[in-house]
Structure formats: structure tokens, C-alpha cells
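Structural overview
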Amino acid sequence: MLHEVSFTSFNERDKVYGWIYVPAAKPKGIVQIIHGFGEHSRRYLHMIVKFMDAGYIVAADDHVGHGKTALENDTWGDWGDKGCHTMMEDEHKLKEIVSEKYPDLPYFLFGHSMGSFIVRDYIAKYGEELAGVTICGTTGVFRGAKETEAMLEKAVAEGKGKSSDAEYTVSLMGWMCERCGQIQIGNEWICADTYVQRDHAEDPFDAFTKPTTNQSMLYFCQMMSVITGIQWAKKVPKRLPIYNIGGDQDPVGEYGKGIYEVTNWLCDTGHQVKTKVYSGYRHEIHNYAAIKDEVEAGIVEFMDGIL
């Protein structure tokens, strides 16, 4: 069974579009998938099916400025004017909608890349509502983010918030193909599989080739700021189980260093964290044919273990 749902964004401007995928079996829990920067939730269909086969209801939406939400609102790359917690609050709204339809089931989150940043922001405010979370392809101290944030603050203060200046994207992400050899598309850092690269670049629901406003890029940097360090980890409920996964050739996680930074912030503040780093793989470990079944099975095992 498939439900399409929609709701007003925290930004008070956009209508957010989401989907609830229900298995043809008695569900044992719910997992909400939170997608990353410049993509959309249907890139996770393989994972959605695996979670459904394991007995989980799956919820997912397309963030403001992304996917169907951007298409229907004509707001590609524009996240509105309500700040860096907008997507996190939208994910909480979706959680409320799903829980009202299917009450009394354990609720999990899975977030990849920027989705993992959103999950980390979410659990600092609403973590008590959850049974467990998986963060995938996350960052520790993101290289250049602080400097780019300062430049973006200046640009927004000068009235350039709704402009899209490529120099800021280059400053923040332009280095990320440094270990990828010959570059043809510019997204090679996500996965070594050329078919995944091409699918990502040519997807009409994907914002990869669409500019993001300077204000939205500022929100992106600010989102990373609020989930950094011991001060963030202290806000996360200690009883909440966390599974932290990624590839050791992922620049977002500084090739493993950033993944363990996050784990160590959490462990140093008394949290339960299981960490798994896949050797030889880039950002989208869930999109490699060789390991995606293993990655998804590991997430299911983590959730089943909590149940």
C-alpha cells in the first residue's frame, strides 16, 4: 500500500510532498528515510523495498527546494526564509502524520549525507520520540564550512540571499573529487559506479544541476554548525541507540576521520553508538551494487536488535 501525503512546510510557504510505503504484512515498526542535498527520496527505492520486506512501514518526503516539493512549488534550490532547522521541523511533521496513521509502532530514522545532519539536529530536540537512528555518510568538522559560512553571511547581509553564486558551492564542495582521478561530471565523489553517477546527474527530480540560493547554502552551513561537537552530543538522549555508517573514501566524512569524530562526541557524552566503516567505498555506500544489500541488512539488523 502507498499513501501520498502533503503538508505545509515549517517555512510557511511550500507544500511538502511525502510518501508512506506499507508492507503487505503486519508491520513491526516504522523507518523514515531522510534524503541528502540535491537529491530526492525516490533514489532510495531499493532500500525502501528492503525495509518493507523486513516488515517496516517506510516514510519519506522530498525536502523544500528538492524533488517533487520543489517542482510543485517552483522553488528549486530555495529553502524559504525560516532558517537552518526548516527541514528538521518538516521531518518531525511527517513523523507526526505517519504516527497518527499508524500509532504505537517503534519509530526509527535513517538519514544520508545532509539527511544525516537533519537526523542529528532532530535527535537533539525530539530524540525521546524515537527507538533508534541510523546516520549514513555523515560529517564531523566539515572542511571549509566555517569559512564559507562567513562569506555567505556577508553575501546575505548585502542583499544577495536569493542569488545563486557558484563560488560559494565551489568553496564548500569543490574539493570533494580530490581522490577520484579523472573528473567528467563533477559528482564522482558520490560513488565509483559510473552508472550511479550518470543516473544522479540526469535525474529530472534531482537538483544536482540546479543552483541553490546563497541563503539556502548559508542554512546548510549553519545546519552543520549546530550539530558539531560535544555541545551538540549533550543534547541527544543517552538512551537512544545510534548506528553510524559510511565509506572510508567519502570526502564528506573526511575519509573516515569525520565518521569517528561524531561517534567519539557521542561516546564521550555517554551514548550507545555502533559504528561501521566500509573500506574502499565513497559517499553513497547504499548505491554500490557490491555492498548495498549488506548495508541495508546491517540497518535492518540494528533496528531488529532494538525491537
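Read on for an overview of the structure. (Residues numbered from 1 in each chain as written. Predicted model: local features only at pLDDT ≥ 70, side-chain atom pairs only at ≥ 80, totals over all residues. Heavy atoms only, no water.)

Ranked by size, the top nonpolar core spans 91 residues in total, and within it Ile33, Phe51, Ile123, Leu172, Trp232 and Ile299 carry the most contacts. Discounting chain neighbours no more than four positions away, the residues touching Phe51 are Val31, Ile33, Tyr56, Val58, Glu296, Ile299, Val300 and Met303. (Core = buried A, V, L, I, M, F, W, Y, C linked by side-chain atoms within 4.5 Å. Buried < 20%, exposed > 50% of the residue type's maximum accessible area, 1.4 Å probe, protein only. Contact = heavy atoms within 4.5 Å.)

Let's shift gears to the side chain of Arg43. The topology assignment puts Arg43 in the loop between β3 (29-34) and α1 (45-53). Look at Arg43 and you get buried, because its relative accessible area is 12%. Among the polar contacts made by the side chain of Arg43, one reaches the side chain of Glu39 at a distance of 2.5 Å. Once residues lying within four places of it in the same chain are set aside, the contact partners of Arg43 are Ile190, Val196, His200, Asp203, Asp206, Glu284 and Asn287. (Helix = DSSP H or I, 4+ residues; strand = E, 2+ residues; numbered from the N terminus. Polar contact = N/O pair within 3.5 Å; in protein donor to acceptor, adjacent residues only side chain to side chain.)

Okay, the packing of α1 against helix α11 (residues 292-306) next. In contact at an axis separation of 10 Å, α1 and α11 are set at 40 degrees when each is read in the N-to-C sense. Between α1 and α11, the angle falls in the class oblique. In terms of crossing hand, the pair formed by α1 and α11 is right-handed. The residues of α11 that touch α1, namely those facing His46, Met47, Lys50 and Phe51, are Lys292, Asp293, Glu296, Ile299, Val300 and Met303. For the contact of α1 with α11, the residue count by class is five nonpolar, one polar and four charged. (Axes fitted to C-alpha atoms, helices over the stretch in contact; angles between N-to-C directions. Parallel < 35°, antiparallel > 145°, perpendicular 65-115°, else oblique. Left-handed = near helix turned anticlockwise from the far one by under 90°. Nonpolar A, V, L, I, M, F, W, Y, C, P; charged D, E, K, R; others polar.)

Without other data, these values stay purely geometric and don't point to any function.
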